[in-house]
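# Structural overview for review
Residues per chain are reported as follows:
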Amino acid sequence: GSVTSNGATLTVTAAATGPTGTGTDVLTYKNDPSRTGQNLTETVLTQSLVAPATFGLRRILAVDGKVDAQPLYVSQLAIGGANHHAVFAATEHDSVYAFDADSGATLWQVSLLGAGESLSDSHGCNQVTPEIGITSTPVIGRTAGPHGLLFVVAMSKDSTSTYHQRLHALDLSTGAESLGGPVEIAATYAMAGGGTTTFSPGQYAERAALLLTNGTIYTMWTSHCDIAPYSGWIIAYSEASLARTAILNVAPNSGAGPAIWM
């Protein structure tokens, strides 16, 4: 089956015959690090089954904000003493949900806003409106932690109007923060000719899907509507500890890009 987003709802489509929720885990944007969208183990959705009489809308799941990130899926996940086929959705309202793919029941929901914080405004840019929370697709480390971890970047603003970008590691079974997280996204980088440039959380959006490969989580940063100053940050973290492991700025001297959009 599939899960798509539209505003503040998720639309679940699947074959109307046979069990739902089984199949291959979808742990990252478009299924693999190459972003091919392929599912090479699909056996249920044959050409004969995907027809008006046997394929279509199963249910609509309510969430608290826009869903710009691709929902992810884990089969046979132990939650509350039972195995579930779970769909994970992240919203621009800084919430993450785990839904039972078979029944549509909410397994858990967590808010990633810090105490006294609010969602980021749109920065006068119409690309993500009216609020900015979680924009990029999270990534799941299926073997991380005791039950697997969902890594996600959330943006917020505190009571002093200071912006924050944080990397969270959420336990797949409970939604609890793990690895001592979240961690603030922070970095400095050397400029040609001397001096450094510093990552400014309010000037950037994490739009590209998170990438997990060889134990490293890669975050990639773009501007709000090309509003200067901005440059091209890629900041990497350890899957095992959330420690920052690498920094690259592809245009540290520019002040106006390029940035990482995809």
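What comes next is a walk through the structure. (Residues numbered from 1 in each chain as written. Predicted model: local features only at pLDDT ≥ 70, side-chain atom pairs only at ≥ 80, totals over all residues. Heavy atoms only, no water.)

## Considerations on the overall build of the chain
Cut-off, in case you're wondering: Helical segments are the DSSP runs of H or I of at least four residues, strand segments are the runs of E of at least two, and each set is numbered from the N terminus. Radius of gyration means the value over C-alpha atoms here, while the globule rule gives 2.2 Å times the residue count to the 0.38 power. When accessible area is computed with a 1.4 Å probe and restricted to protein chains, residues below 20% of their type maximum are described as buried, those above 50% as exposed, and intermediate ones as partly exposed. Two residues qualify as a contact provided that any one of their heavy atoms is within 4.5 Å of a heavy atom in the partner residue. For accessible areas, the Shrake-Rupley method is used with a probe of radius 1.4 Å. Any residue's cover is judged against the shown protein chains and nothing else. Under the convention used here, Asp and Glu are negative, Lys and Arg are positive, and both His and the chain ends fall outside the count. Think of each charge as sitting on NZ of Lys, CZ of Arg, CG of Asp or CD of Glu.
A count of helices and strands for the chain gives 0 helices and 19 strands. Taking 2.2 N^0.38 as the reference for a compact globule, 262 residues should give roughly 18 Å; the C-alpha atoms of the chain span a radius of gyration of 19 Å, in line with that estimate. Buried positions account for 48% of the 262 residues belonging to the chain. Look at the contacts in the chain between residues 6 or more apart in sequence, and 56% of them connect residues 24 or more apart. Total accessible area on the chain is roughly 11,500 Å²; 54% of this is exposed by carbon and sulfur atoms. Side-chain charges of the chain comprise 10 positive and 19 negative groups, with the mean position of each set lying 4 Å from the other.

## A few points about the pairing of strand β9 (residues 149–157)
What counts here: For two strands to be treated as a pair, DSSP must find at least two bridges joining them.
Among the 9 residues of β9, 9 are classified as buried, and the element is accordingly described as predominantly covered. With 3 bridges joining them, strand β8 (residues 139–141) and β9 adopt antiparallel strand pairing. Each bridged residue has a counterpart across the sheet, and for I140 the counterpart in β9 is L150. The sheet contact formed by β9 and strand β10 (residues 163–171) spans 9 bridges and is antiparallel. Within β10, the residue paired with M155 across the bridge is Q165.

## Thoughts on the packing of aromatic side chains
Formally: Think of it this way: a Phe, Tyr or Trp ring, Trp meaning its six-membered ring, pairs with another when their centres are within 6.5 Å, and the plane angle makes it stacked under 30 degrees, edge-to-face over 60, tilted otherwise.
Applying the stated criterion to the full structure yields 6 aromatic pairs. For the pair F199 and W221, a centre-to-centre distance of 5.0 Å together with 65 degrees between the ring planes defines the contact as edge-to-face. Here F199 is found in the loop between β13 (196–198) and β14 (204–205), whereas its partner W221 is found in the loop between β16 (216–220) and β17 (222–223), with 22 residues between them in sequence. Both residues of the pair, F199 and W221, belong to the buried class. Pairwise contacts between aromatic rings join Y189, F199, Y204, W221 and W233 into one cluster.

## What to know about the pairing of strand β6 (residues 95–100)
Within β6, 6 of the 6 residues are buried, leaving the element largely enclosed by the surrounding structure. In the sheet, strand β5 (residues 82–90) pairs with β6 via 5 bridges, with the strands oriented antiparallel. The partner of A89 across the bridge, within β6, is Y97. As consecutive antiparallel partners, β5 and β6 are separated by 4 residues, and within that stretch D94 has a phi angle of approximately 65 degrees, a positive value. Pairing between β6 and strand β7 (residues 106–111): 5 bridges, direction antiparallel. Bridging across to β7, V96 finds its partner in V110. Following β6, the chain reverses through 5 residues before pairing antiparallel with β7; G104 in that reversal takes a positive phi of roughly 85 degrees.

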